[in-house]
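# Survey of secondary and tertiary structure
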Amino acid sequence: MTNLFYITGTRRGLGAALQEKYGNCNSLEECDIFINCKHEYGEFSQSKLLYRAAELNKRIINIGSNSPDQSKKQPHIYQVEKFALDKANEQLFYQGIETTNVRFGYFDSPRVADVTDKNMSIEYCVGIIDWVLQQPHRVKEITVCP
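Bear in mind the structure is a predicted one, so any value in this text is a computation, not a measurement.

### Considering the pairing of strand 5 (residues 141-144)
- The alternating pattern of strand 5 places Ile142 and Val144 on a buried face and Glu141 and Thr143 on a face that is not buried.
- Note that strand 4 (residues 99-104) and strand 5 share 4 bridges and pair parallel. If you follow Phe104 over to strand 5, its bridge partner there is Val144.

Structure below.
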């Protein structure tokens, strides 16, 4: 059986690469696996979509961030929103929802084109998500940094 994926944030970067690998159906309602990739500043949209997908009993992969770990150094709304995603994922995971939060450090994407730190390749990040999907047991979260 082939799984249907619904992936947000597919215009560029990781979302575009995930869509290329897995395809993308038209809605959250018709998918088997939801990849929650699109972040919108000030909207908490990833957390809202996570709860909606959980209500629909979908397999969920959230694209989180390692940035909440840096929140005491340079506070920013992005870090707060990603922290909220961390906590929402944790809450739902312990309620039995099949949800995973993949917390990446910097990877090659237009969003971080100005970052001079070492970045992971998009292909490597897609491979991490593929690994999570292949696991026989639930994976609550994974943090991967260059």
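What follows continues from the structure just given.
### Quick notes on the sheet that holds strand 4
- Read across the sheet, 5 strands follow the order 1-2-3-4-5 without closing on themselves; strand pairing throughout is parallel. Two strands bound the open sheet, and with one partner strand each, they are strand 1 (5-7) and strand 5. Shown here is a sheet whose adjacent strand axes are inclined to one another by a mean of 15 degrees, direction ignored.
- Examined bridge by bridge, strand 1 and strand 2 (residues 33-36) share 3 bridges and lie parallel to one another.

### What to know about a nonpolar patch on the surface
- A grouping of Tyr41, Phe44, Ile77 and Val80 is seen on the molecular surface, where their side chains present a nonpolar patch of about 350 Å² in accessible area.
- Residue placement: Ile77 occurs in helix 3 (residues 77-94).

### Considering the packing of aromatic side chains
- Applying the stated criterion across every chain, the model contains 3 aromatic pairs.
- A centroid spacing of 4.3 Å and a plane angle of 15 degrees characterise the contact between Phe5 and Tyr22, whose relative ring orientation is stacked. Taken as a pair, Phe5 in strand 1 and Tyr22 in helix 1 (residues 13-22) lie far apart in primary sequence, 17 residues in all.
- For Phe5, a relative accessible area of 8% puts it in the buried group.
- Cation over ring: Arg138 sits above Phe93, and NZ or CZ is 3.8 Å from the ring centre.

Definitions and limits used
For every chain, the first residue of its written sequence is number 1, and the numbers climb from 1 along that sequence. In view of the model being predicted, local features appear only for residues whose pLDDT reaches at least 70, and side-chain atom pairs are presented and counted only at 80 or more, with totals across whole chains, interfaces and linings using the full set of residues. With hydrogens and water stripped out, all remaining heavy atoms of the structure feed into the side-chain values. Each residue is placed in one exposure class: buried if its accessible area under a 1.4 Å probe, protein chains only, is under 20% of its type's maximum, exposed if it is over 50%, and partly exposed if it falls in between. Working definition: helices are DSSP H or I runs of at least four residues, strands are E runs of at least two. Numbering for both runs from the N terminus. Strands were regarded as paired on the criterion that DSSP finds at least two bridges between them. Here, axes are lines fitted to C-alpha atoms. For helices the fit covers the stretch in contact, and angles between N-to-C directions go from 0 to 180 degrees. Patch members must show over 30% relative accessible area and no salt bridge, and they are joined within 9 Å when carrying like charges or within 5 Å when they are nonpolar side chains of Val, Leu, Ile, Met, Phe, Trp or Tyr. To measure how exposed things are, a 1.4 Å probe is used in the Shrake-Rupley method; for residues, cover is taken only from the protein chains shown. The term salt bridge refers to a side-chain nitrogen of Lys or Arg lying within 4 Å of a carboxyl oxygen of Asp or Glu. Between 30 and 60 degrees the pair is tilted, below 30 it is stacked and above 60 it is edge-to-face, where a pair is any two Phe, Tyr or Trp rings, Trp via its six-membered ring, whose centres lie within 6.5 Å. We call a charge positioned above a ring when the Lys NZ or Arg CZ atom is no farther than 6 Å from the ring centre and deviates by at most 35 degrees from the ring normal.

None of this, on its own, says anything about what the molecule does.
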